[in-house]
Amino acid sequence: MRPLSSTAKKHFRLLRHLSRLKGYSDPIYFYHNKVTLLPHGGDFFPALFQAMAEATTTICAEFYIVKADKTGQAFACALREAAARGVEVSLIYDAIGCFDTPSSYFQQLQAAGVRCLPFNKPAFSRLRWLDRRDHRKMVIIDGVTAFLGGLNIGDEYAGYGDSYLHWRDVGIRLDGPAAGELQRLFRQTWLQEGGVSVPGQDLPPPLPAGDADLVIINSSPHRSRSLIRNTFLLAVAGATHCIRIITPYFLPGPTVVRSLLRAVKRGVQVRMILPSISDVPMVHMLSRAYLKQLIAAGVEIYARQGTILHAKMMLIDSQWATLGSANLDYRSFHRNFEINIIVDHHAFGLATEALFNEELAMSTRLSLTDHLHTTRLQQSLEWLLTPLSRFL
């Protein structure tokens, strides 16, 4: 087994310490994976559909939103074609996230042999769980290859972030042992939601495929504390040189803000890219409450211009990256089912840093003057709506 880098050892020791303090099971490390950054939706979907066309045994897909638009129809076609050639195809979709998707979309998939399972379908007997969301976005193919990231199934996610109709997002392909763990998590959710005939349970474990070391961070509202948030805090605490963050929704809470302020005091350069215009305007408005203190302390905050930013990414010291479905907000921390991966790999870190710099060139840095230039009406709305931030 190849030894971990010094950066990975430091962070993985912190994760072990977290597990003992908070009652989590030890994080599971996966060695010898191949990880490919797919920096745009225009890269992600062609790669995904090609891999689905080559599937031989199983396809397990799990998405928060599946639309019936052009991209959604291409996704459905790939699922149907796989089922027609004998591949076992299973789809979990969030019932609330897909509220606007016609029921006929899923009925046609079912008729073609695709097993479809709604997550947390609303029912009077489960009203207290109505706020649960399956926010994961992942596809596992033959138990050995997985695609994941921040992309839902829809036309706005499928481009190159070149307009407000084509959002800026990012995905990952991974091959190797970590894909087997994602397959296990899919089966776990399938059974939890009442699915029968567990998909892919007899697949052999994936073989080594590369030299990337991974940790999978699986978070759910069943936990008393947020593993996603605490992993973020530990990563920031371990940074020695630089922190790079891209997030579309920034409602982190005071604990995360304090961790970023401490990093700046240690001399760490912290740069963060947020959207200039959000698809959820209320979240965009409320995030302003956290920015003044960060900007004043020296955190460099930029607003991405020209598109809707939906990517979620953090890079520590140009080496240690985490990507996936989770945002830096209360909902991802405490109310959603999320999936993130931590990657310790030099080449992947360089690719992630290049992506960040590409976004930085298309962003405008915010100043205190920009931040303070608000009307009394905006300030009043921020104050009135702040208590809702835990539920957005």
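Let me begin by describing the structure that accompanies this report. What you are looking at is a predicted structure, and each value in this text was computed from that prediction instead of being measured.

**Describing the overall build of the chain**
Phase 1 of the analysis: When helices and strands are tallied, the chain shows 12 helices and 18 strands.
Phase 2 of the analysis: Among the 392 residues that make up the chain, the fraction classed as buried is 58%.
Phase 3 of the analysis: Considering only contacts within the chain whose residues lie at least 6 apart along the sequence, 82% involve residues at least 24 apart.
Phase 4 of the analysis: As presented, the chain carries roughly 16,400 Å² of accessible surface, and 57% of it is formed by carbon and sulfur atoms.

**Observations concerning unusual backbone geometry**
Phase 1 of the analysis: At N120, a position not held by glycine, the phi torsion is positive, near 55 degrees.
Phase 2 of the analysis: Its location among the elements puts N120 in the loop between β4 (115-119) and β5 (133-134).
Phase 3 of the analysis: Residue N120 is classed as buried on the basis of its relative accessible area of 2%.
Phase 4 of the analysis: At D142, a position not held by glycine, the phi torsion is positive, near 55 degrees.
Phase 5 of the analysis: Here D142 shows up in the loop between β6 (137-141) and β7 (145-149).
Phase 6 of the analysis: Its relative accessible area of 16% is what places D142 among the buried residues.

**A word on the pairing of strand β9 (residues 212-219)**
The side chains of a regular strand alternate, first on one face of the sheet and then on the other.
Phase 1 of the analysis: Within β9, 8 of the 8 residues are buried, which leaves it mostly tucked inside the rest of the structure.
Phase 2 of the analysis: Burial along β9 is two-sided: A212, L214, I216 and N218 facing one way and D213, V215, I217 and S219 facing the other are all buried.
Phase 3 of the analysis: As paired elements, strand β1 (residues 29-38) and β9 share 3 bridges and run antiparallel to each other. Within β9, the residue paired with N33 across the bridge is A212.
Phase 4 of the analysis: Bridging between β9 and strand β17 (residues 336-344) involves 7 bridges; their strand directions are antiparallel. Paired with N218 across the bridge in β17 is I339.

**Some words on helix α4 (residues 103-111)**
Phase 1 of the analysis: Burial in α4 covers these residues: Y105, F106 and L109. For α4, the buried positions fall inside an angular range of 90 degrees around the axis, keeping them on one side. Residues of α4 that are exposed and angled more than 90 degrees away from the buried face: Q107 and A111.
Phase 2 of the analysis: Where α4 is buried, its residues contact α3 (70-84), β3 (88-94) and β4.
Phase 3 of the analysis: Within two residues after α4, G113 carries a phi angle of roughly 100 degrees, on the positive side.

**Considerations on the packing of aromatic side chains**
Phase 1 of the analysis: A complete count under the given rule lists 10 aromatic pairs for this structure.
Phase 2 of the analysis: Between the aromatic rings of F44 and F147, the centroid separation amounts to 6.0 Å while the plane-to-plane angle is 90 degrees, which identifies the pairing as edge-to-face. Taken together, the residues F44 in helix α2 (residues 41-53) and F147 in strand β7 connect sequence positions 103 residues apart. Accessibility assignment for this pair places F44 and F147 in one class, buried.
Phase 3 of the analysis: Centroid distance F186 to W190: 6.0 Å. Interplanar angle 25 degrees. Geometry classified as stacked. Here the residue F186 and the residue W190 both occupy positions in helix α5 (residues 177-192), the gap between them amounting to 4 residues, near one helical turn.

**Some thoughts on the pattern of salt bridges**
Phase 1 of the analysis: For the structure on display, the rule yields 10 salt bridges.
Phase 2 of the analysis: In this structure, R115 engages E88 in a salt bridge whose closest nitrogen and oxygen atoms are separated by 3.5 Å. Placement of R115 in strand β4 and of E88 in strand β3 is noted, with a sequence separation of 27 residues between them.
Phase 3 of the analysis: Close ionic contact of R271 with E300 constitutes a salt bridge, the shortest N to O distance being 2.7 Å. Taken together, the positions of R271 in strand β12 (residues 269-275) and E300 in strand β13 (residues 300-304) put the pair 29 residues apart, joining distant regions of the chain. Exposure class is identical for R271 and E300. Each is buried.
Phase 4 of the analysis: Salt bridges sharing common partners tie together R168, R304, E358 and E359.

**Thoughts on the packing of α2 against α3**
Phase 1 of the analysis: Relative orientation of the contacting elements α2 and α3 amounts to 15 degrees, with a least axis distance of 9 Å. One way to sum up the angle between α2 and α3 is to call them roughly parallel. Crossing hand, α2 versus α3: left-handed. For the pair α2 and α3, contact is made by F45, F49 and M52 and by T71, A74, F75, A78, L79 and A82, respectively.
Phase 2 of the analysis: Per-class residue counts for the contact of α2 with α3 are 8 nonpolar, 1 polar and no charged.

**Re the pairing of strand β2 (residues 58-63)**
Phase 1 of the analysis: Buried residues dominate β2, accounting for 6 of its 6 residues.
Phase 2 of the analysis: Taking every second residue as pointing to the same face, both faces of β2 are buried, with T58, C60 and E62 on one and I59, A61 and F63 on the other.
Phase 3 of the analysis: Of the pairings in the sheet, the one linking β2 to β3 comprises 6 bridges and is parallel in character. Across the sheet, the residue bridging to E62 is I92, located in β3.
Phase 4 of the analysis: Read from β2 through α3 to β3, the crossover connection turns out right-handed.

Each value, and the rule that gives it
Residues numbered from 1 in each chain as written. Predicted model: local features only at pLDDT ≥ 70, side-chain atom pairs only at ≥ 80, totals over all residues. Heavy atoms only, no water. Helix = DSSP H or I, 4+ residues; strand = E, 2+ residues; numbered from the N terminus. Buried < 20%, exposed > 50% of the residue type's maximum accessible area, 1.4 Å probe, protein only. Contact = heavy atoms within 4.5 Å. Areas by Shrake-Rupley, 256 points an atom, 1.4 Å probe, with all protein chains shown as cover. Pairing = 2+ DSSP bridges. Arc of directions from axis to C-beta. Phe/Tyr/Trp six-rings, centres within 6.5 Å; stacked < 30°, edge-to-face > 60°. Salt bridge = Lys/Arg side-chain N within 4 Å of Asp/Glu carboxyl O. Axes fitted to C-alpha atoms, helices over the stretch in contact; angles between N-to-C directions. Parallel < 35°, antiparallel > 145°, perpendicular 65-115°, else oblique. Left-handed = near helix turned anticlockwise from the far one by under 90°. Nonpolar A, V, L, I, M, F, W, Y, C, P; charged D, E, K, R; others polar. Right-handed = clockwise from strand over helix to strand, strands pointing away.

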